[in-house]
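# Observations on the three-dimensional arrangement
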Amino acid sequence: AQSVTQLDSHVSVSEGTPVLLRCNYSSSYSPSLFWYVQHPNKGLQLLLKYTSAATLVKGINGFEAEFKKSETSFHLTKPSAHMSDAAEYFCVVSDRQRDDKIIFGKGTRLHILP
Amino acid sequence: DAGVTQSPTHLIKTRGQQVTLRCSPKSGHDTVSWYQQALGQGPQFIFQYYEEEERQRGNFPDRFSGHQFPNYSSELNVNALLLGDSALYLCASSSRGAVGETQYFGPGTRLLVL
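The rules behind each value
Residues numbered from 1 in each chain as written. Chains lettered and ligands numbered in written order. Predicted model: local features only at pLDDT ≥ 70, side-chain atom pairs only at ≥ 80, totals over all residues. Heavy atoms only, no water. Helix = DSSP H or I, 4+ residues; strand = E, 2+ residues; numbered from the N terminus. Rg over C-alpha atoms; globule rule 2.2 N^0.38 Å. Buried < 20%, exposed > 50% of the residue type's maximum accessible area, 1.4 Å probe, protein only. Contact = heavy atoms within 4.5 Å. Areas by Shrake-Rupley, 256 points an atom, 1.4 Å probe, with all protein chains shown as cover. Lys, Arg positive; Asp, Glu negative; His and termini not counted. Charge placed at Lys NZ, Arg CZ, Asp CG, Glu CD. Pairing = 2+ DSSP bridges. Axes fitted to C-alpha atoms, helices over the stretch in contact; angles between N-to-C directions.

Scanning chain B for helices and strands turns up zero helices and 11 strands. In terms of overall dimensions, chain B is globule-like: its C-alpha atoms have a radius of gyration of 13 Å, near the 13 Å expected for 114 residues. Across the 114 residues that make up chain B, the buried fraction comes to 50%. Residue pairs at least 24 apart in sequence account for 53% of intrachain contacts in chain B once pairs closer than 6 positions are excluded. Roughly 5300 Å² of accessible area belongs to chain B as shown, and the carbon and sulfur atoms make up 50% of that amount. The centroid of the 9 positive side-chain charges in chain B is displaced by 10 Å from the centroid of its 10 negative side-chain charges.

Residue and element names in this part refer to chain B. The strand order across the open sheet formed by four strands is 1-3-8-7, and the pairing between neighbours is antiparallel. Every interior strand has two partners, whereas the edge strands, strand 1 (5–7) and strand 7 (64–68), have only one. Taking each pair of neighbouring strands and ignoring which way they run, the sheet shows an average axis angle of 20°. Bridge analysis of strand 7 against strand 8 (residues 74–78) gives five bridges, and the strand direction is antiparallel. Paired with Gly 66 across the strands is Leu 76, a residue of strand 8.

Next up, the structure:
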């Protein structure tokens, strides 16, 4: 069965410092992995996705994530945080080869300190 | 190019009532998925429709049912509403033929059950 674990429910960083949001997954097959962001009272927006091509995936707004099969991780990073990055971030796993179900992590709330 | 649209944006119902939520997919998409997002939680998969049939279902009771129309739009119906059904209901559309398909989310319908 698939599962995804976001290791931190809250992360606080100062503006201009690096961001690291951690995600571990479990999947019996080759997964597709996504990061979505949800700003308050807004819908979910896709940041980036991994679909078995390059292991380092670049997304929008300067975010990137690295797929590490040996560690079953897909951590999200950004070199320099901006105030507008404050939001809820969700790591998502899907297994297209198996059952198409999409599993969301519980989310990580990112706080940006001035 | 219109994205995913949902109606209504907000809804208030009382216990025992029935509700219908509507979703129009992004242009070119043929698959619609529904999610329930309780306050402070990640979205949970309810079910997915493709070719007017329910293809996958999450762990939700039969009170939750849906429909997809020939134009790919979809409805989510919830019968015998419970207080615990209060949540943000998200619709996502995708193209089933795409590998590692990306789901595009609508803004959601916020349902409050009193």
